[in-house]
Each structure stands twice: as C-alpha cells, then as structure tokens.
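Notes for the structure review
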Amino acid sequence: MPVDARRFAPLLCALAATTALAQPRPPPGGPPRAPPREITQIARDLYRANNGNWYTIFLVTQDGILLGDPINVDFAAWLKGELDSRFAGKPVRYVVYSHSHFDHAEGGRAFAATATFVAHENMLRNMDGRYPQMPGDMIDRNGNGVIDPDEIAIPTNTRPGVCGMSNNWFATRDYDHDGKIPPQELQRDIVRPSVVYSERMRIELGGQVVELVHPGLNHSDDATVMLFPAQRVLFATEFLADALVTTDIHSLPSACGPFDGSPLAEWIKSYKTVEALDFDVVAPGHGAVFPKSGVTETREYFEDLVAAVSAGMAAGRSLEQLRQSVTLDKYRGWKNYDRLRTYNVEAAYRNLQLYR
Ligand SMILES: [Zn+2]
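I will try to describe carefully the structure that is included in this document. Everything numeric in this text was worked out from a predicted model, so none of it was measured.

What follows covers the overall build of the chain. Helix and strand content of the chain: 11 helices and 13 strands. The C-alpha radius of gyration computed for the chain amounts to 20 Å, which stays within 12% of the reference 21 Å derived for 356 residues, consistent with globular compactness. Taking the principal axes of its C-alpha atoms as reference, the chain extends roughly 65 × 50 × 45 Å. Out of the 356 residues belonging to the chain, those deemed buried represent 55%. In the chain, 64% of the contacts between residues at least 6 apart in sequence involve partners at least 24 apart.

Moving on, we come to the sheet that holds strand E6 (residues 116-120). Pairing is mixed in the open sheet, where 7 strands are placed in the order E1-E2-E3-E4-E5-E6-E7. Looking along the sheet, the strands with just one partner apiece sit at the ends: strand E1 (37-43) and strand E7 (195-197). Across the sheet, the axes of successive neighbouring strands diverge by a mean angle of 20°, strand direction being ignored. Both strand E5 (residues 92-96) and E6 contribute to a ladder of 3 bridges, which runs parallel. Bridge assignment links Val95 to a residue of E6, and that residue is Phe117.

A few words now on the sheet that holds strand E11 (residues 233-236). What the 6 strands build is an open sheet, ordered E8-E9-E10-E11-E12-E13; its pairing is mixed. Only two strands of the sheet have a single neighbouring strand rather than two, namely strand E8 (200-205) and strand E13 (290-291). Both E8 and strand E9 (residues 208-213) contribute to a ladder of 6 bridges, which runs antiparallel. When the sheet's bridge partners are listed, Arg202 is paired in E9 with Glu211.

Moving on: helix H5 (residues 149-158). Listed as buried for H5 are Glu151, Ile152, Pro155 and Thr156. Viewed end-on, H5 has its buried residues packed into an arc of 120°, placing them on one side of the element. Those residues of H5 that are buried are in contact with helix H6 (169-173).

Our focus in this paragraph is the layout of surface pockets. Looking at the second largest pocket, its volume works out to about 210 Å³. In terms of lining, the second largest pocket is formed by 15 residues, of which the most central are Gln133, Met134, Ile139, Asp260 and Gly261.

Thresholds, definitions, all that
Residues numbered from 1 in each chain as written. Predicted model: local features only at pLDDT ≥ 70, side-chain atom pairs only at ≥ 80, totals over all residues. Heavy atoms only, no water. Helix = DSSP H or I, 4+ residues; strand = E, 2+ residues; numbered from the N terminus. Rg over C-alpha atoms; globule rule 2.2 N^0.38 Å. Buried < 20%, exposed > 50% of the residue type's maximum accessible area, 1.4 Å probe, protein only. Contact = heavy atoms within 4.5 Å. Pairing = 2+ DSSP bridges. Axes fitted to C-alpha atoms, helices over the stretch in contact; angles between N-to-C directions. Arc of directions from axis to C-beta. 1 Å grid on protein atoms, 1.4 Å probe; cavity = no way out; pocket = protein on both sides within 12 Å on 5 of 7 lines; lining within 4 Å. Points joined across faces, edges and corners; volume = space filled by probe spheres on them.

Set out below in structure tokens:
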C-alpha cells in the first residue's frame, strides 16, 4: 500500500508533540530527558521509530524482524522493549546499517543475541582502527589517527549547529578522560557487521524481501539504502535528508568541509542511483517521509550548484566573488537558504578544486 506522505507528515508531528508534552521535565541536575520516541506504521508490516529527529525503520515478518539503524544504546534498549511487547517477542533477525557514523550505528548489542549485522563493505574499513570517515568536517587535521579536542571544536565553532558536534560532546565521549578519542573508543558501542556487500544485496526473511543498494559516495563512504519493494518505501539516511531536515525536504544541505570528502559527481551519482529504484516515498533517517520527487529535486539542486560554481571558477572568479554572485535564486524558498547558501558555495568550490 503506497503511503501518502502529505497526509502522513502532519500525523508524525502531532505524535511527536504529544510525546514531548507527556514527558515531565526532570528536576535540575537530574538525568537528561530522553528525546521524543515513537513507533509509527507507514506501510504493511513496515514501521518507523525515532529518537528525536533520528529515525530508523523495521519490517515485521512471520520469521522475525529486520531492523535498520539501532541509533544509540538508550534508544536501542527502549526499542527492544517495545518490539518485545508489541510483536510477541519476535526476534530481530537482521540489523542493517545505513552507514557507519556513530550517531546512527550505535546500540546494536541490544539485538546481538539474535541478529546478523549487515553493512556495506567500507564499514569494515571505517572500523579497522584507523581514523574513520567522519561526518560534519570532523577530520583528522593533525594526522595522528585519533580524535583530538580541536578536531571537534574547529568545525563546531566554525559552523555552530551545522557541522561538528555540541560543545560538550568531546568530554562525554572521552570515556577514559585521557584527552583523546581513538577510533576504538569512539566506536565502542557499535557492533561490527558480520556480513558485508559491495554493490547490492537481497535479504529474504519470512516471505518478505529487502534490497540493499550502495548508492555511491556522499555524506559517508559506506552508505546503504534499503528498498522495501512490496511496501514501495525506501529508507536512506543523511545524503537524501541530513540532520537539519525536519518537515520539509526542500532544504539546503549542511555542506560540511568539502561536502564530507566525497566528489560532487559521486553525490549526484548517488541520487541518480536512488532515482532509478522503484518506490513511492522515502522514509529518511532525519525528518518527515517525503515523495520520490524530493530525491529528484535535491539532485537538481546539486547539479545547479555545481554548474554555477564551475562556471564561476572557469571565468576566473575568486571564492569571495562566488559567495556574492552564486545566488541560486531558484532555491530562495528552500529552508536554510540564508543560513547555508554561502557555505554551499564554499564547499562546492573546495570540492571542485579537490576532485576536478
Ligand atoms: Zn552520518
């Protein structure tokens, strides 16, 4: 049954608002309040679950459950309890990672007794002890192989609320308080995938089918999109709708670093790979369900950005001149236009210099 995204989105918002109101504020100094969490059915046997604006997906079959990202330890524990009570103890048979970044991939241990963990093969590279590909321009600036405070603080302070993390993130993740976060410490709550694939993979469970597709390089270098053919739903995180997207897919991308270190041609290829799949709506890792046309519109945004910045570079314009002249007028009505337009121009400029 196709989902009508236009009818569905306001429902989700209403549910989230209800939950937020229902949770009492903790006393000062008490434990932090959990983000709003909900489980919502979006198609036959297919459900979304969210931890604030971080979303996962799961398919319930007669032989068990196939789950997308576990998101984090607290959320996964909550979700495990919900699945046990709502679905009569059906086990989670598969956990499929959308990509390796900690803010989506943590928490899988809650399902490790019954589940096989599946990911794109590059996730193993990102968990082999070397500095992983990271979101939000949190790169290894000094090349020492561990995350240092500056490597979080620089993007966090340069683009607050867009790149990097929050200001106290480093302290809460430096579990042993030694002033650095080696990859193993960053990833201590991520269960390593035991099954990986390179291009495509098909999983059958309880008479249902899920197709895994690696779209190419984009926000991450180990992305998987999950296609649910019978439900005509696609699950994808970040590169179709990043963490700034809430209710409207028409939103300028965060554009951290030179677009997360992936060539813009690969970003566009990733969108086209998704467009070639047969489905009606995207259930994204952030924000509301949106129709497939949103994928095309966002791909066109990237193409327009590349065309405008490339033309300016070919004409010998400086980055400062491009910041002024590349106004992307067609996208003035998109969310975050005023906040992110010049970031997008700069990120594209740097990207096209690196990967020309
Ligand atoms: Zn990510």
